[in-house]
Amino acid sequence: MATVPATSITSSPSNSQQLTRLLFWILLGVICLASALLPGSPLLGEWESQTVYAVFGTQANQLALSIAPAANIGGQGYVFLDVSRNLIEIFQLPYTLDLIRLPTKVIGAAGLVVFSLLARRWFGAWSALAATALLAVNPVYHQYQNELIIAGPSLVVFILLVERLQYVSRKPTSWAAWITLMLVWALLLTMYGPSRIYG
């Protein structure tokens, strides 16, 4: 009679589980890449045009008028938006709408990753992937992902805050969970919504 090998609960995942996990991350990457590559509006929106002028326009002329060079339109969290000017100047890239909007596109794609992690904990891998795909093609999310305004990054940081709160509720004794929660909370307070309410 042959003996049956004992398996423990902590044994390494099987090849099919590893393949499923790898497939999940590949499909998530495809969703995020497709979301970032989908073209946005070919025209600047009202708030976006003011942001683009404040970030780029005052750099190109001698008349700064009432806006100082490298200023913003008075909101909070515009550090994320100033990154586009720095990238274009450092790498000598052309001023195109896609390159100007690059930071918000990348932040929007990162928001999809955080959303998928949160949804995966609640609903499982494939439901989370389907929900992330629906969020990626949601017209409102796509609009904010493709506009150089602070509403998109503010939403992503809020999603990250919900993810951190959920993680802390699962591991309340983890110092790393509490420290990252505090860092995300501090980052959220510099964003558009809370700074308008509490500022």
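Here the structure is shown first, and the text comes after it.
Rules used in this analysis
- Residues numbered from 1 in each chain as written.
- Predicted model: local features only at pLDDT ≥ 70, side-chain atom pairs only at ≥ 80, totals over all residues.
- Heavy atoms only, no water.
- Helix = DSSP H or I, 4+ residues; strand = E, 2+ residues; numbered from the N terminus.
- Contact = heavy atoms within 4.5 Å.
- Areas by Shrake-Rupley, 256 points an atom, 1.4 Å probe, with all protein chains shown as cover.
- Expected span 1.5 Å × (residues − 1).
- Buried < 20%, exposed > 50% of the residue type's maximum accessible area, 1.4 Å probe, protein only.
- Arc of directions from axis to C-beta.
- Core = buried A, V, L, I, M, F, W, Y, C linked by side-chain atoms within 4.5 Å.
- Patch = residues over 30% accessible without salt bridge, like charges linked within 9 Å, V, L, I, M, F, W, Y side chains within 5 Å.
- Salt bridge = Lys/Arg side-chain N within 4 Å of Asp/Glu carboxyl O.
- Phe/Tyr/Trp six-rings, centres within 6.5 Å; stacked < 30°, edge-to-face > 60°.
- Lys NZ or Arg CZ within 6 Å of the ring centre and 35° of its normal.

Trainee: Explain the overall build of the chain to me, please; I cannot follow it from the model alone.
Mentor: Scanning the chain for helices and strands turns up ten helices and zero strands. Seen in sequence order, the chain has helices and strands lined up from the N terminus as α-α-α-α-α-α-α-α-α-α. Of the contacts formed within the chain by residues at least 6 apart in sequence, a portion of 67% connects residues at least 24 apart. Summed over all atoms, the accessible surface of the chain reaches about 12,200 Å², with 70% contributed by carbon and sulfur.

Trainee: Teacher, can you tell me more about helix α9 (residues 175-189) here?
Mentor: Along an α-helix, residues three or four apart share an orientation, since each turn contains 3.6 residues. Spanning 15 residues, α9 covers 21 Å between terminal C-alpha atoms, matching the ideal 21 Å at 1.5 Å per step. Buried within α9 are the following residues: A177, L181, V184 and L188. On an axial view of α9, the arc spanned by its buried residues comes to 70°, and they lie on one face. Exposed side of α9, more than 90 degrees from the buried face: W175, A176, M182 and L183 are the residues found there.

Trainee: Help me understand the environment of I88 in this model?
Mentor: Of note, I88 is situated in helix α3 (residues 79-91). Considering only alpha carbons, one finds I88 and I100, twelve residues apart in sequence, at a separation of 7.9 Å.

Trainee: Where do I start with the nonpolar core in this structure?
Mentor: As a rule of thumb, nonpolar side chains are buried together in soluble globular proteins. In terms of nonpolar packing, the biggest core is built from 13 residues, with F24, L28, C32, L112, L129 and Y141 touching the most fellow members. Elements with a minimum of two residues in this core: α1 (15-37), α5 (102-123) and α6 (125-136). Within the second largest apolar cluster, ten residues are counted, among which are I150, Y167, L188 and M191.

Trainee: What is the right way to read a nonpolar patch on the surface from this model?
Mentor: A contiguous nonpolar surface patch, about 390 Å² in accessible area, is contributed by L19, L22, I26 and V30. Among the secondary structure elements, I26 is positioned in helix α1. The exposure class of I26 is partly exposed, given its relative accessible area of 47%.

Trainee: Mind showing me how you'd approach the side chain of Q166 here?
Mentor: Relative to the assigned elements, Q166 resides in helix α8 (residues 151-170). Apart from the residues lying within four places of it in its own chain, the contact partners of Q166 are L118, R121 and W122.

Trainee: Help me out: how do you make sense of the environment of Y95 in this one?
Mentor: Its place among the elements puts Y95 in the loop between α3 and α4 (97-100). Each C-alpha atom of the pair Y95 and R85 lies 9.1 Å from the other, and the pair is ten residues apart in sequence.

Trainee: For this particular structure, what's the right way to read the pattern of salt bridges?
Mentor: A side chain of one charge can pair with a side chain of the opposite charge if their charged atoms are brought near each other. As enumerated under the stated definition, the model contains four salt bridges in all. When the shortest N-O distance is used, the salt bridge between R85 and E89 registers 3.7 Å. On the criterion of helical spacing, the pair formed by R85 and E89 is a turn pair, its members being four residues apart in helix α3. Here K105 makes a salt bridge to D98, at a shortest N to O gap of 3.5 Å. Residue D98 is classed as partly exposed on the basis of its relative accessible area of 45%. When salt bridges with common partners are traced through the structure, they connect R121, E163 and R164 into a single cluster.

Trainee: Would you explain the packing of aromatic side chains in this entry?
Mentor: One pair of aromatic rings is described through two measures. These are the centre distance and the angle between the planes. Applying the stated criterion across every chain yields a total of three aromatic pairs. With centroids separated by 6.5 Å and ring planes inclined at 75°, the aromatic side chains of F24 and W126 adopt a geometry described as edge-to-face. Taken as a pair, F24 in helix α1 and W126 in helix α6 lie far apart in primary sequence, 102 residues in all. Overall, F24 belongs to the buried group, its relative accessible area being 0%. Summarising the aromatic geometry, the rings of W122 and F123 are spaced 6.1 Å apart at their centres and angled 80° between planes, so their arrangement reads as edge-to-face. Above the ring of F24, the side-chain terminus of R120 is found at 4.3 Å from the ring centroid.

Trainee: Before we go on, may I ask you to explain the side chain of H142 in this structure?
Mentor: Inspection of the secondary structure assignment puts H142 in helix α7 (residues 139-145). If near-sequence neighbours (up to four positions away) are discounted, H142 is found in contact with S35, L38, P39, G40 and A136.

Trainee: In this structure, what is going on with α6? I would like to understand it.
Mentor: Taking 1.5 Å per residue, twelve residues should reach 16 Å; α6 reaches 16 Å between its end C-alpha atoms and fits that length. Those residues of α6 that are buried lie in contact with α1, α5 and α7.

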